[in-house]
Amino acid sequence: MRSSTLETASAPSPVTLYAHGAETLKASAALVCIEVACGERYALSEVLYQCPRCGSLLEVAYDWRGADSTLWKQTWRARRMDNQALNQSGVWRYREMFPFVDDAAQVVTLREGNTPLLQSPGAAQYAGLHSIAFKHQGFNPTHSFKDNGMTVGVTQARRIGRKRVACVSTGNTSASMAAYASAAGLTPVIFLPHGNISFGKLSQALEYGALTLQVDANFDQILALVRQVSERSGVYLLNSINPFRIEGQKTMGLELLDQLDWQAPDWLVVPGGNLGNTAAFGKGFLEAYRLGLISKLPKLGVVQAEGAAPFYRFMLDPKPKGFVPETNPETLATAIRIGDPVSWPKAWNAIREAGGAVESASEQEIADAKAVIGRAGIGCEPASAATLAGIRKLVAKGVIGADEQVVAVLTGSVLKDPDYIFKYHTGQLKTPGGEPIVSTFGNQPMVVPNDADAILRVLDGVA
Ligand SMILES: *Cc1c(COP(=O)(O)O)cnc(C)c1O
Ligand SMILES: [Zn+2]
């Protein structure tokens, strides 16, 4: 029987789900409260977004005894040559690291992950580094890293028998959830603040068949509303607080290490919005380290936009009760326009564990760094470019050494926000406050006459 929603169902032979050593892990998997003083455990089948006892965040935890990491490394390599859907996915290939699925047929995959690690001498020079590599998550099916998490989140929704999934988002989360839910035969429901929507991302959600509800309220108000609705209707919530999304996202770190032949870089730098990604990389690296897959932990760099930088300010003087949300976050990098990042406690833990630094970047710095990444032939969306802008500042301050190995995560594709690009290159880009942004690396289109001689004169002039 051929099923369009479930490619694994039509695979020629049954998939061997787990390599030796992962079955015992699977039995030990639980949702655990991250608050050390609480530490309450819950079954994976429970639908919980926060600890019912203390309100803290939850994470999926395993008892790693019995893990056979040497065998796993070989298995993961071998799977790259395999045509099974599950093994072609750059997330599910590493499934021993998040073994909670009982049956391969439960998995919904669009072959996410498998994203390249790209070197750029030009960007390295701009940052003041000898070299830099970009892990480009824009190469995913819906063109952002949200796919790495969504494939696991939607699989969990299906595993526990939910028919509808929901999220609040103006961007990449909704695009990704729409695609994965539809591919899984579930109904995606997206809640958006009315107005203020990135057109490219909204268009994706519509195309992927999401029920799209625009609400006259801000992000935080809508989140409260959606929590109520989900409790009363059995809709499964897939916002970034969902611990299963983090399990998928942590495989970005594993795929990166695999691409580096398990030689960990000195730094891994991400843009910081809700800080789920920071938490996911931190968790993935820590688990890899504890399993002996790597012999050192990469330091974590997080870069926020100046107008939406509550975590940056918190980290200047971190205290357990000292987190102050930003009430009116503003940045053109809409994917990191978050005032009250839900995953900050996990991100803080990760940075305390691995070491690292948090930086902020202005609209001008982000715009210029983005153009530099574009000129390298790579390209990314504005939020992604915050990484290079922040790295440049951290190198100038001596926090990152010029000869250190740095990997920056480009979180989304260049085509997510074409409007921004056109305005930058034509000198029309303005900050949310209305200040002009200088098109330092501007590249204006030229109008030329229908005349070969004139065009040749233009060519002579530029090259
Ligand atoms: C979601 C997103 C971010 C922010 O990630 P967090 O996990 O919220 O910190 C950054 N860039 C892009 C392109 C995104 O889609
Ligand atoms: Zn708790």
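Throughout this document, residue positions are counted from 1 along each chain, in the order its sequence is written. The order in which chains are written sets their letters, starting at A; the order in which ligands are written sets their numbers, starting at 1. Side-chain atom pairs in this predicted model are given and counted only at pLDDT of 80 or more, local residue features only at pLDDT of at least 70, and totals for whole chains, interfaces and linings cover all residues. The basis for every side-chain value is the complete set of heavy atoms in the structure, and neither hydrogens nor water enter the calculation.

Some points on the nonpolar core
The biggest cluster of nonpolar side chains holds 101 residues, and the ones touching the most others in it are Trp72, Leu268 and Phe311. Numbering of helices and strands runs from the N terminus; a helix is a DSSP stretch of H or I covering at least four residues, while a strand is a stretch of E covering at least two. Among the elements that line this core, the one with the most residues is helix 6 (residues 172-184), at 7 residues. Here, two residues are considered to be in contact whenever any of their heavy atoms come within 4.5 Å of each other. In contact with Trp72, other than residues within four places in its own chain, are Ala19, His20, Gly21, Ala22, Leu25, Trp64, Ala67, Glu96, Met97 and Leu291. Within this scheme, the nonpolar core is defined by two criteria: the residues are buried Ala, Val, Leu, Ile, Met, Phe, Trp, Tyr or Cys, and they are joined through side-chain atoms within 4.5 Å. Think of it in three bands: with a 1.4 Å probe and only protein chains considered, a residue is buried below 20% of the maximum accessible area for its type, exposed above 50%, and partly exposed in between. Core analysis: the second largest hydrophobic core is formed by 39 residues, Val303, Ile366, Ala367 and Ala385 among them.

Topic: unusual backbone geometry
Glycine aside, a negative phi is what most residues show, and trans is what most peptide bonds show. Not every positive phi belongs to a glycine, and Asn114 is a case in point at roughly 55°. Along the chain, the position of Asn114 falls in the loop between helix 3 (85-88) and strand 4 (117-119). Despite not being glycine, Trp262 has its phi angle at roughly 65°, a positive value. Taking the relative accessible area as the measure of exposure, Trp262 reaches 9% and is therefore buried.

Points about the pattern of salt bridges
What makes a salt bridge here is a side-chain nitrogen of Lys or Arg within 4 Å of a carboxyl oxygen of Asp or Glu, nothing more. Here the structure, examined in full by the defined rule, presents 23 salt bridges. Between Lys26 and Asp102 there is a salt bridge whose closest N-O contact spans 2.7 Å. With a gap of 76 residues between them, Lys26 in helix 1 (residues 22-28) and Asp102 in the loop between helix 3 and strand 4 connect regions that are remote in the sequence. In this structure Asp102 comes out as partly exposed when scored by relative accessible area, which is 47%. Notably, a salt bridge pairs Lys319 with Asp317, separated by 2.8 Å at the nearest N-O pair. Among the residues examined, Lys319 registers a relative accessible area of 44% and is labelled partly exposed. The exposure class assigned to Asp317 is partly exposed, which follows from its relative accessible area of 46%. One network of salt bridges, in which partners are shared, links Arg77, Arg80, Asp258 and Asp261.

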